[in-house]
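Structural characterization, general
The primary structure of each chain is shown beneath.
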Amino acid sequence: MTVTQPKGFRAAGVAAGLKDNGNLDVALIVNDGPDFTAAGVFTGNRVKAAPVLWSQQVLKGGIVRAVVLNSGGANACTGSQGFRDTHTTAEHTATVLRAGVKPQLIGAGDVAVCSTGLIGELLPMDKLLPGVAAAAKELAADGGGRAAEAIMTTDSVAKNAVVQREGWSVGGIAKGAGMLAPALATMLVVVTTDASADNEVLDAALREATRLTFDRIDADGCMSTNDTVLLLASGASDAQPSPEELTEAVTAVCHDLAQQLIADAEGATKHVAIVVEGAASEADAVEVGRSVARNNLVKTALFGNDPNWGRILAAVGTTAAAFEPDRVDVAVNGVWVCKGGAAADDRSKVDLSGRDVTITVNLREGEMTATIWTTDLSHAYVHENSAYSS
């Protein structure tokens, strides 16, 4: 149940030696058509990795026949040589795929490139290019699982998702375990569908899905240089769902993947949903949720199993959202510990012994709501990000 579940896609994952531990580190996903339409959403960081800049150009052409991804190196902040290496990777991918049965017409401009790993170092092209060739030889309709493994960095598990609809499906893979923040996270995501849809419909579906899923997970407030989410359509099922049906299915896959990302966040002991209700606008609800999610005092309190509603209310107060401080209510795991901006139910009633936590904030200003997902801040997070370069 992965990115190759939809018809028309093959994938592979190989070990090319980019990682010292010998794990899989190069993935290749190929769309065999008959359609090759695509859409993409990329990092909001102004410092963008060479693969992001390249893939943004590819998407302007509206056709993506293949995606090559590597872990073990981000190819970010590598100057003109890094961009040339990305171009070389795409050209080499097209060359080795042209040698196969299909797709015969592929060129470098049809190949999206994604990289993840340490920033500031050039990729070892003498290893990467043979790895691409090896992946091309291993392409298979059941290769999505190995592709998902090949893009892992600090991930503890590979991340796959599929939704099946009548006569068509959507599948996806993702990587990410840290630097999860709005405007995408430190993620690489490839979503596929065997439905038929034009570029405009795909773009609208992906942007709506991303807005409600990947843009609403926030582990540590940090934004990466390489974030990429791609949606490819093969049309191999002959199904042509409505834009609304396609958006719903793509959103379901992206939500599944986003929840897997936040569940695997580095060092996390809590999986936290921050539900903001009664907001005057959706933007207000999102702003309040993000403020609570990024507040280190709230996150450390959760790590210590402390339902410290005062820290939550203080985080709400840093926003520009419409609310009156003496009307805000706060609940932690269903216990309304704050009513009207003051103490309410006994905080000792809150059970934080489990992994799942729900914080509810009611602003009492309107009818809009939004949910942001985050984690606690643990000793393990500090250790992992001080002992491991990323």
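Residues numbered from 1 in each chain as written. Predicted model: local features only at pLDDT ≥ 70, side-chain atom pairs only at ≥ 80, totals over all residues. Heavy atoms only, no water.

**Re the overall build of the chain**
- Assigned secondary structure in the chain consists of 10 helices and 15 strands.
- Against the 2.2 N^0.38 benchmark of 21 Å for 390 residues, the chain shows a C-alpha radius of gyration of 22 Å, consistent with a compact globule.
- Dimensions of the chain, computed from the C-alpha atoms along their principal axes, are close to 70 × 50 × 35 Å.
- The 390 residues of the chain split such that 58% are buried.
- Partitioning the intrachain contacts of the chain with sequence separation of at least 6 by distance along the chain shows that 79% fall at a separation of at least 24.
- Taken as a whole, the chain presents about 14900 Å² of accessible surface, with 51% of it coming from carbon and sulfur.
- The averaged location of the 46 negative side-chain charges in the chain is 3 Å from the averaged location of its 30 positive side-chain charges. (Helix = DSSP H or I, 4+ residues; strand = E, 2+ residues; numbered from the N terminus. Rg over C-alpha atoms; globule rule 2.2 N^0.38 Å. Buried < 20%, exposed > 50% of the residue type's maximum accessible area, 1.4 Å probe, protein only. Contact = heavy atoms within 4.5 Å. Areas by Shrake-Rupley, 256 points an atom, 1.4 Å probe, with all protein chains shown as cover. Lys, Arg positive; Asp, Glu negative; His and termini not counted. Charge placed at Lys NZ, Arg CZ, Asp CG, Glu CD.)

**Re the pattern of salt bridges**
- Per the counting criterion, the structure on display carries 14 salt bridges.
- Here arginine 294 and aspartate 218 are joined by a salt bridge, their closest N and O atoms 2.7 Å apart. In this pair, arginine 294 sits in the loop between helix H7 (282-293) and helix H8 (296-303) while aspartate 218 sits in the loop between helix H5 (199-212) and strand S9 (228-233), placing the two residues 76 residues apart along the sequence.
- Residue lysine 339 pairs with aspartate 329 through a salt bridge whose shortest N-O separation is 3.9 Å. In this pair, lysine 339 sits in strand S12 (residues 335-339) while aspartate 329 sits in strand S11 (residues 329-332), placing the two residues 10 residues apart along the sequence.
- With relative accessibility at 38%, the residue lysine 339 sits in the partly exposed group.
- The exposure class of aspartate 329 is buried, given its relative accessible area of 3%.
- Overlapping salt bridges, with partners in common, bring together Glu208, Arg211, Arg216 and Glu282 in one network. (Salt bridge = Lys/Arg side-chain N within 4 Å of Asp/Glu carboxyl O.)

**A few points about helix H6 (residues 243-263)**
- Taking 1.5 Å per residue, 21 residues should reach 30 Å; H6 reaches 30 Å between its end C-alpha atoms and fits that length.
- Buried residues of H6: Leu246, Thr247, Ala249, Val250, Thr251, Val253, Cys254, Leu257, Ala258, Gln259, Leu261 and Ile262, and no others. (Expected span 1.5 Å × (residues − 1).)

**Structural notes on the sheet that holds strand S3 (residues 37-42)**
- Taking strand neighbours across the sheet as the criterion, the 5 strands line up as S3-S9-S8-S7-S6 in an open arrangement whose pairing is mixed. Strands with a single pairing partner mark the edges of an open sheet, and in this sheet they are S3 and strand S6 (159-165). The sheet shows a mean angle of 10 degrees between the axes of neighbouring strands, direction not considered.
- Pairing between strand S8 (residues 188-193) and S9: 6 bridges, direction parallel. Pairing of leucine 188 across the sheet is with threonine 228, part of S9.
- Together, S3 and S9 form the strand contacts of helix H1 (residues 50-60), whose direction differs from that of S3 by roughly 145 degrees. (Pairing = 2+ DSSP bridges. Axes fitted to C-alpha atoms, helices over the stretch in contact; angles between N-to-C directions.)

**Comments concerning the packing of H7 against helix H9 (residues 309-316)**
- Between H7 and H9, whose axes approach to 8 Å, the crossing angle comes to 130 degrees. Judged on the interaxial angle alone, H9 and H7 are oblique. When you trace H7 past H9, the crossing you get is right-handed. For the pair formed by H7 and H9, the contact residues are Val288, Ser291 and Val292 on the first element and Ile312, Ala315 and Val316 on the second.
- The residue makeup of the contact of H7 with H9, split by class, is 5 nonpolar, 1 polar and no charged. (Parallel < 35°, antiparallel > 145°, perpendicular 65-115°, else oblique. Left-handed = near helix turned anticlockwise from the far one by under 90°. Nonpolar A, V, L, I, M, F, W, Y, C, P; charged D, E, K, R; others polar.)

**Re the pairing of strand S2 (residues 26-31)**
- Counting buried positions over the 6 residues of S2 gives 6, a clear majority of the element.
- Across 6 bridges, the pairing between strand S1 (residues 9-14) and S2 is antiparallel. Residue alanine 12 lies in a different strand from S2, and its bridge partner there is leucine 28.
- Inspection of the sheet shows S2 paired to strand S4 (residues 66-70) by 5 bridges, in the antiparallel sense. Considered in S4, the bridge of valine 26 is made with asparagine 70.

**What about the side chain of threonine 225?**
- Within the secondary structure layout, threonine 225 lies in the loop between H5 and S9.
- A polar contact is formed between the side chain of threonine 225 and the side chain of asparagine 226, at a distance of 2.5 Å.
- Contact partners of threonine 225, with chain neighbours within four places excluded, come to Thr43, Asn45, Val47, Lys48, Ala49, Val52, Ala76 and Ile119. (Polar contact = N/O pair within 3.5 Å; in protein donor to acceptor, adjacent residues only side chain to side chain.)

**Quick word on the environment of serine 234**
- Tracing the backbone shows serine 234 in the loop between S9 and H6.
- Taking C-alpha positions, serine 234 is 6.2 Å from asparagine 31, a pair spaced 203 residues apart along the chain.
- Here serine 234 is in contact with Lys7, Gly8, Phe9, Asn31, Gly33, Pro34, Asp35, Thr193, Asp194 and Ala195, once residues within four sequence places are set aside.
- From its side chain, serine 234 meets the backbone oxygen of lysine 7 in a polar contact 2.7 Å long.

**Here's the deal with the packing of aromatic side chains**
- Overall, the coordinates contain 1 aromatic pair when judged by the stated rule.
- In this structure, lysine 339 is placed above the aromatic ring of tryptophan 336, and the distance from its NZ or CZ to the ring centre is 4.7 Å. (Phe/Tyr/Trp six-rings, centres within 6.5 Å; stacked < 30°, edge-to-face > 60°. Lys NZ or Arg CZ within 6 Å of the ring centre and 35° of its normal.)

**Structural notes on the environment of threonine 4**
- Tracing the backbone shows threonine 4 in the segment before S1.
- Residue class for threonine 4 comes out buried when judged on its relative accessible area of 7%.
- Setting aside anything within four residues of it in sequence, one finds threonine 4 in contact with Phe9, Arg10, Ala11, Ala140, Ala141, Asp142, Gly143 and Gly144.
- At 3.3 Å, the side chain of threonine 4 and the backbone nitrogen of glycine 144 are in polar contact.

**As for helix H2 (residues 79-98)**
- Compared with the 28 Å implied by 1.5 Å per residue over 20 residues, the 29 Å span of H2 between its first and last C-alpha is a close match.
- Close packing links the buried residues of H2 with S2, H1, S4, strand S5 (111-115) and helix H3 (125-137).

Keep in mind these numbers describe shape, not what the thing actually does.
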